Amino acid sequence: MLVLDGKIASAAIKEKLQQEVALIVEKKQRIPHLAAILIGNNGASETYVASKVKNCEEVGIESSLIRFESDVDQTTLLNKIEELNTDANIDGILVQLPLPGHINEQKVIEAIHPTKDVDGFHPISAGKLVQGMQTFIPATPYGIMLMLEHYNIQPKGKHAVVIGRSNIVGRPMSILLSSNTKYGNATVTICHSHTPNLAEICLQADILVAALGKPGFVKANMVKDGAIVIDVGITRVEDNTAKKGFRIKGDVAYDEVAPKAAAITPVPGGVGLMTIAGLLKNTLQAYQQHQ
Ligand SMILES: NC(=O)c1ccc[n+]([C@@H]2O[C@H](COP(=O)([O-])OP(=O)(O)OC[C@H]3O[C@@H](n4cnc5c(N)ncnc54)[C@H](OP(=O)(O)O)[C@@H]3O)[C@@H](O)[C@H]2O)c1
């Protein structure tokens, strides 16, 4: 069984990005710049944004962290996004989700100019993805595709089952795996909370992507021998024995599934790190399109 190590795969991608940014610096050109907006002080969101900023630094991309209190009004937020849209120094804009209940998430997503939409959540980015056009791919499914590429896992001709149909993970994942591309061409089944016989469908998967947000949901009896298992889930589960009072759990019961799998991503240390790599690649892509 092969552990698909997000640390190793993302380090390889980051090294290449670092070299590309170093060339930009050498040519004395403007440095790529990501603006991240964080609202409130949700612990998980704080961690994700801090990690994005730190990873930008590591490869030489500039970043600005813009913070608002959780009671910020929608107009103030939209005005800030508009300011960043027109700022020639900013290449990519991300607004960390989830947003407080009084803010319309869709409005915020659509306020980001599609040329700076490095999260790939704008309907224009999503539409382009469906049509196989060059676009910003949402960072998590993009990171998973980069992971498959790193380990040269070819989905072509395989049956991929994706559990989850969200706009940020499951749905774009299913599109990428079924696309006519080098690491696509799988036959894809997408499952959700209304799917009957989920276990039976999962058992048919050569590639199983779990993105439902239910810790330990995928058990050994749902996985075919020799399957490739991609665990997207990240849930904080209370654990008083842990230093922080919680542990991060994936959607796959790793200990019982790993012995059956040909390859599997751990949580933590798998898809989460690849997500950052996907975001960094999108930021550099936005920069290159702006220059
Ligand atoms: N590693 C990373 O970088 C990363 C990035 C993003 C998200 N995540 C994690 O990935 C997980 C999913 O995130 P998300 O944003 O896609 O979540 P989401 O928006 O809540 O979507 C969950 C999807 O799973 C489906 N689902 C829920 N329970 C199910 C069940 N019992 N059987 C079958 N399908 C079920 C839902 O079906 P319905 O549509 O029918 O409700 C929905 O489509 C979360 O743990 C999240 O924290 C990780």
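This structure is a prediction, so every number in the text was calculated from the model and none was measured.

A. Looking closely at helix H6 (residues 139–150). Between the first and last C-alpha of H6 there are 16 Å, a value that for 12 residues agrees with the 16 Å anticipated at 1.5 Å per step. Counting buried positions over the 12 residues of H6 gives 10, a clear majority of the element. Tucked inside the fold, the buried residues of H6 contact helix H1 (6–26), helix H7 (170–178), strand E7 (207–210), strand E8 (228–231) and helix H10 (271–290). In the segment just after H6, Asn152 is the residue with positive phi, at about 45 degrees.

B. Geometry of empty space enclosed by the protein. All chains considered together, the criterion is met by one cavity of 30 Å³ or more. Lining the largest cavity we find Leu94, Val95, Leu97, Glu105, Val108, Ile109, Ile112, Asp117, Asp119, Phe121 and His122. Broken down by element, the lining of the largest cavity gets its largest block of residues, three residues, from helix H4 (residues 105–111). Broken down by class, the residue content of the lining of the largest cavity amounts to seven nonpolar, one polar and three charged.

C. Inspection of the site of the ligand at higher detail. Close to the ligand lie 23 residues, the nearest being Arg165, Ser166, Ser193, Ile234 and Thr275. His192 places a main-chain nitrogen or oxygen 3.4 Å from a nitrogen atom of the ligand. Ser193 is positioned such that a nitrogen or oxygen atom in its side chain is 2.5 Å from an oxygen atom of the ligand. Considered on its own, the ligand offers 920 Å² of accessible surface; in the complex 72% of this is hidden by protein. Counting residues per element, the shell around the ligand draws most heavily on H10, at three residues. Grouping the amino acids of the shell around the ligand by side-chain chemistry returns 10 nonpolar, 11 polar and two charged.

D. Main features of the pattern of salt bridges. Taken as a whole and judged by the stated rule, the model has seven salt bridges. With a shortest N-O distance of 3.1 Å, Glu83 and Lys80 are connected by a salt bridge. Of this pair, Glu83 and Lys80 both sit in helix H3 (residues 74–85), three residues apart, which is roughly one turn of that helix. Among the ionic pairs, Asp206 bridges to Lys224, the shortest N-O distance being 2.7 Å. Here Asp206 is found in the loop between helix H8 (198–202) and E7, whereas its partner Lys224 is found in the loop between E7 and E8, with 18 residues between them in sequence. Given a relative accessible area of 31%, Lys224 falls into the partly exposed group. A single network of salt bridges, built from pairs that share partners, joins Lys14, Lys54 and Glu58.

E. Structural view of the UniProt feature "binding site: NADP(+)" (unreviewed entry) in the protein. Feature annotation in UniProt assigns "binding site: NADP(+)" (unreviewed entry) to the following positions: Gly164, Arg165, Ser166 and Ile234. Relative to the helices and strands, Gly164 resides in the loop between strand E5 (159–163) and H7. With relative accessibility at 11%, the residue Gly164 sits in the buried group. Here Gly164 is in contact with Gly170, Arg171, Ile190, Cys191 and Ala211, once residues within four sequence places are set aside. Relative to the helices and strands, Arg165 is located in the loop between E5 and H7. On the accessibility criterion, Arg165 (36% relative accessible area) is partly exposed. When sequence neighbours within four positions are dropped, the list of residues in contact with Arg165 reads Gly170, Arg171, Ile190, Cys191, His192 and His194.

F. Fine view of the layout of surface pockets. Taken as a whole, the second largest pocket holds about 620 Å³ of empty space. Lining of the second largest pocket is provided by 26 residues; of these, Ile137, Tyr142, Met145, Leu146 and Glu149 occupy positions nearest its centre. The set of elements that each furnish at least two residues to the lining of the second largest pocket consists of H1, helix H5 (123–130), H6, H7 and H10. For the lining of the second largest pocket, the class distribution of residues is 13 nonpolar, eight polar and five charged.

G. View of the pairing of strand E6 (residues 187–191). One ladder, built from five bridges, connects E5 with E6; its direction is parallel. By the bridge assignment, Ile163 is partnered in E6 with Cys191. In the classification by handedness, the crossover that spans E5, the intervening H7 and the parallel E6 is right-handed.

H. Seen up close, the nonpolar core. Grouped together as the largest cluster of nonpolar side chains are 52 residues, with contacts concentrated most on Leu177, Val209, Ile230 and Val232. With nine residues, H10 is the single largest residue contributor to this core. Lining this core are residues from two domains, each supplying at least three of them: domain 1 (28–113) and domain 2 (139–273). Apart from residues no more than four positions distant in its own chain, Val232 is found in contact with Thr140, Ile144, Val169, Val209, Ala210, Ala211 and Val271. In this structure, Ile201, Ala205, Ala210 and Ala227 belong to the second largest nonpolar core, which totals 19 residues.

Conventions used here
Residues numbered from 1 in each chain as written. Predicted model: local features only at pLDDT ≥ 70, side-chain atom pairs only at ≥ 80, totals over all residues. Heavy atoms only, no water. Helix = DSSP H or I, 4+ residues; strand = E, 2+ residues; numbered from the N terminus. Expected span 1.5 Å × (residues − 1). Buried < 20%, exposed > 50% of the residue type's maximum accessible area, 1.4 Å probe, protein only. Contact = heavy atoms within 4.5 Å. 1 Å grid on protein atoms, 1.4 Å probe; cavity = no way out; pocket = protein on both sides within 12 Å on 5 of 7 lines; lining within 4 Å. Points joined across faces, edges and corners; volume = space filled by probe spheres on them. Nonpolar A, V, L, I, M, F, W, Y, C, P; charged D, E, K, R; others polar. Near = heavy atom within 4 Å. Polar contact = N/O pair within 3.5 Å; in protein donor to acceptor, adjacent residues only side chain to side chain. Areas by Shrake-Rupley, 256 points an atom, 1.4 Å probe, with all protein chains shown as cover. Salt bridge = Lys/Arg side-chain N within 4 Å of Asp/Glu carboxyl O. UniProt positions renumbered as here; feature names shortened; annotations may be inferred. Pairing = 2+ DSSP bridges. Right-handed = clockwise from strand over helix to strand, strands pointing away. Core = buried A, V, L, I, M, F, W, Y, C linked by side-chain atoms within 4.5 Å. Domains from an automatic or database assignment.

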